[in-house]
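Notes for the structure review
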Amino acid sequence: MSAMSGFVVVVSGPIASGKSSLARALAIRLEETSGIAVAVVDLDLVYEMLDPAGRPKSDGSLWSLARRIAGRLAAALLAEGRCVVVEGDLATDLALGEFEDELPGAVAVRLVMLELDFETALARARRDPSRGLSRDRRFLSSHYDEFTGEWSGRDALRLQTGTASLAETATAALAWVAPAR
């Protein structure tokens, strides 16, 4: 595996903060600017693969399994010479640890935490017809009240996605990832 492909970028943040959009934009920019192969792993999709019934995503043990499987998937993609951008609920030390425990020991991991105010998140969620429960004010408010985006003692890029454009956040994330490449 080349030094250019041996890294993982973790994009996390609260619901509707722009994790999926930024992960994809960053992957595209990495491919365009560096010529490296990139894969995006969406943690929500891994969870959904584990729950074919499509129940509400509230099962803590299933989330734990999804994070471990996402880590194994990232390890397999790294072994194929790709760098990986993973996005999802990896915003605590425990959640990140479950994911990272499945990665090869020498892989560089760069962390990006998205931040967004509740009212902007609610407006975004309500404009997105693919969203379910996250469009509900009470549910989303509870999520934002309980969300803790902290990785103890780890360097992380923090981006305010309510005031910056997707292009601006992708540019900032690309610059942040550069030391890992």
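Anyway, here's the lowdown on the structure attached to this text.

Reading guide: rules and limits
Residues numbered from 1 in each chain as written. Predicted model: local features only at pLDDT ≥ 70, side-chain atom pairs only at ≥ 80, totals over all residues. Heavy atoms only, no water. Helix = DSSP H or I, 4+ residues; strand = E, 2+ residues; numbered from the N terminus. Rg over C-alpha atoms; globule rule 2.2 N^0.38 Å. Buried < 20%, exposed > 50% of the residue type's maximum accessible area, 1.4 Å probe, protein only. Contact = heavy atoms within 4.5 Å. Lys, Arg positive; Asp, Glu negative; His and termini not counted. Charge placed at Lys NZ, Arg CZ, Asp CG, Glu CD. Pairing = 2+ DSSP bridges. Axes fitted to C-alpha atoms, helices over the stretch in contact; angles between N-to-C directions.

All right, on to the overall build of the protein then. If you tally the helices and strands in the protein, you get seven helices and five strands. When the helices and strands of the protein are read in sequence order from the N terminus, they spell out β-α-β-α-α-β-α-β-α-α-β-α. Compactness check: the protein gives a C-alpha radius of gyration of 16 Å against a globular reference of 16 Å for 181 residues, within 12% of the reference. With the C-alpha coordinates aligned to their principal axes, the bounding extent of the protein is approximately 45 × 35 × 30 Å. For the protein, the residues scored as buried account for 44% of the 181 residues in total. Within the protein, contacts between residues at least 6 apart in sequence are counted, and of these 74% link residues at least 24 apart. Within the protein, one finds 20 positive and 25 negative side-chain charges whose respective centroids are separated by 4 Å.

With respect to the helices and strands, the residue Ala-167 is situated in helix 7 (residues 166–177). Residue class for Ala-167 comes out partly exposed when judged on its relative accessible area of 43%. In this structure the C-alpha to C-alpha distance between Ala-167 and Ala-25, which are 142 residues apart in sequence, comes to 7.9 Å.

Let us look at the sheet that holds strand 5 (residues 156–160). The strand order across the open sheet built from five strands is 2-3-1-4-5, with neighbouring strands paired in parallel fashion. At either margin of the open sheet sits one strand with a lone partner, and together these are strand 2 (38–42) and strand 5. Each strand axis lies, on average, 20° off the axis of its neighbour in the sheet, ignoring direction. Bridge count between strand 1 (residues 7–12) and strand 3 (residues 83–87): four bridges; the pairing is parallel. Across the sheet, residue Val-9 finds its bridge partner in strand 3, namely Val-85. Lying on the sheet, helix 4 (residues 93–100) is in contact with strand 1, strand 3 and strand 4 (108–115); it crosses strand 1 at an angle near 150°.

Any functional reading would require information that these geometric values do not contain.
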